[in-house]
Structures are given as structure tokens and as C-alpha cells.
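The chain contents come next:
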Amino acid sequence: MKQKIVIKVAMNCKDCRSKAMEIAAVFEGVISVAIEGKDLDLLVITGNEVDSACLVKRLRKKVGYAVLVTIAEQKIVMKVDMHCPKCRSKAMEIAAASHGVISVAIEGKEQDQVVVIGDEVDSTCLVKRLRKNVGCTNIVTIEEVKPKQDKKEEKKEEKPRCQPQCHGYPY
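So, how was this worked out
Residues numbered from 1 in each chain as written. Predicted model: local features only at pLDDT ≥ 70, side-chain atom pairs only at ≥ 80, totals over all residues. Heavy atoms only, no water. Pairing = 2+ DSSP bridges. Helix = DSSP H or I, 4+ residues; strand = E, 2+ residues; numbered from the N terminus. Axes fitted to C-alpha atoms, helices over the stretch in contact; angles between N-to-C directions. Contact = heavy atoms within 4.5 Å.

Visitor: I would appreciate a short explanation of the sheet that holds strand S6 (residues 101-107) in the present structure.
Guide: Consider a sheet: its strands pair through backbone hydrogen bonds, and that pairing is either parallel or antiparallel. With antiparallel pairing, four strands are arranged side by side in an open sheet as S6-S7-S5-S8. For this open sheet the edge positions go to S6 and strand S8 (137-144), each flanked by a neighbour on one side alone. The mean angle between the axes of side-by-side strands here comes to 20 degrees, regardless of whether they run parallel or antiparallel. Relative to S8, strand S5 (residues 74-80) runs antiparallel, the two sharing seven bridges. Across the sheet, residue Ile 76 finds its bridge partner in S8, namely Ile 142.

Okay, here's the thing in C-alpha cells:
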């Protein structure tokens, strides 16, 4: 699954930019890396199954400030080791308390996946908190949620009909 990750990184000079790009480029699953934004502080990474939590952690360690930024509403699916109802409720409580979360659900065959939907959710911090308080946590997918369009809005506008000329004479 191809995904787009946007990370805001403190890159004040050319050396910092090249260092951040080099760290991201050698990361597992990365296809392309680009720098965007008005202040050239956004690192846009495209790849397959890139672990954004580990990438942000590595960038924070090597470059300094790094925060996962989301442009649109996103859906994050995480596999969490939850063996009892108490663990499930604790995981949901932690996820719901995170900044930008709109909805939280538990899914999966064994009720071991936490699905979070929200705007500007920092998946790195969320995974870190779940690992600390609940147990082993891994990101399964991060994808954009596309807004649903109503069928009523999709109706095409009717073209106005031409008025027939009265008795063959134009007005």
C-alpha cells in the first residue's frame, strides 16, 4: 500500500535538509523524499509500509525537532496486544485522549486492532503511549479518509430548454 507521510522537521540550513533527506531516504520502504513548504520545513515521504513512528523517532534523535503532520483526516490502524476487556478499555481511553482524535474503535478477528480516525493525530506519540501503558503496539496502516459525497449532490444540473419561437418569428 502506497502512503504519503508529511513530517515537519527543524531544517534551518542546507546541511540539516540534506541530513534529514538522507535519514529518510535510507529508511525501509521509502520510495521518494522531497522537501516542501513555505519555509522548506516539511519532509514529504512516499513509500510502502513505512513505519512513521520509527522514522520520526530517528529524525528527532539525529536532527532535533520532528513532528508528524497530517494534511487531511486520516485513519490509523494499530495492532495492540490486548488480552482482556480491561486492556481494551485502557487502550481506547488512551487513544480517545490524544489530540485531534474524532473516533476510536476496536476491530479485528481477535479484537486486537485499535482504529483511530482524526485530524492532525500524532501517530508517533500515540504509539509510544500505547506501548508504555498497554503493551506491544505496531502500526498496521495509515491512510487518508476521503469524504463521502451525497448522491443528491451528484445529480447533474438540468440544462434550460430553449423556448420555442412563437409562430416562427424570433422575438
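Visitor: Help me understand the pairing of strand S1 (residues 2-9) in this model?
Guide: Put simply, side chains in a regular strand alternate between the two faces of the sheet. The sheet contact formed by S1 and strand S3 (residues 42-48) spans seven bridges and is antiparallel. Bridging across to S3, Lys 8 finds its partner in Leu 42. In the sheet, S1 pairs with strand S4 (residues 66-69) via four bridges, with the strands oriented antiparallel. Across the sheet, the residue bridging to Val 6 is Val 69, located in S4.

Visitor: How do you make sense of the sheet that holds S1 when you look at a structure like this?
Guide: The strand order across the open sheet built from four strands is S2-S3-S1-S4, with neighbouring strands paired in antiparallel fashion. Here the strands that pair on one side only, and so sit at the sheet edges, are strand S2 (30-36) and S4. Averaged over neighbouring strand pairs, the angle between their axes works out to 25 degrees when direction is ignored. Pairing analysis gives six bridges linking S2 to S3, with the strands arranged antiparallel. Opposite Ile 35, over in S3, you have Leu 43 as the bridge partner. Along the sheet face, helix H1 (residues 14-25) touches S1, S2 and S3 and points at about 160 degrees away from the line of S2. Sitting on the sheet, helix H2 (residues 52-62) touches S1, S3 and S4, and the angle it makes with S4 is about 150 degrees.

Visitor: Would you explain unusual backbone geometry in this entry?
Guide: Residues apart from glycine generally show negative phi values, whereas peptide bonds are mostly found in trans. A positive phi angle, close to 55 degrees, is found at Leu 40, a residue other than glycine. Considering the arrangement of structural elements, one finds Leu 40 in the loop between S2 and S3. With phi around 55 degrees, Gln 111 is a residue other than glycine that occupies positive phi space. Mapping Gln 111 onto the fold places it in the loop between S6 and strand S7 (113-118).

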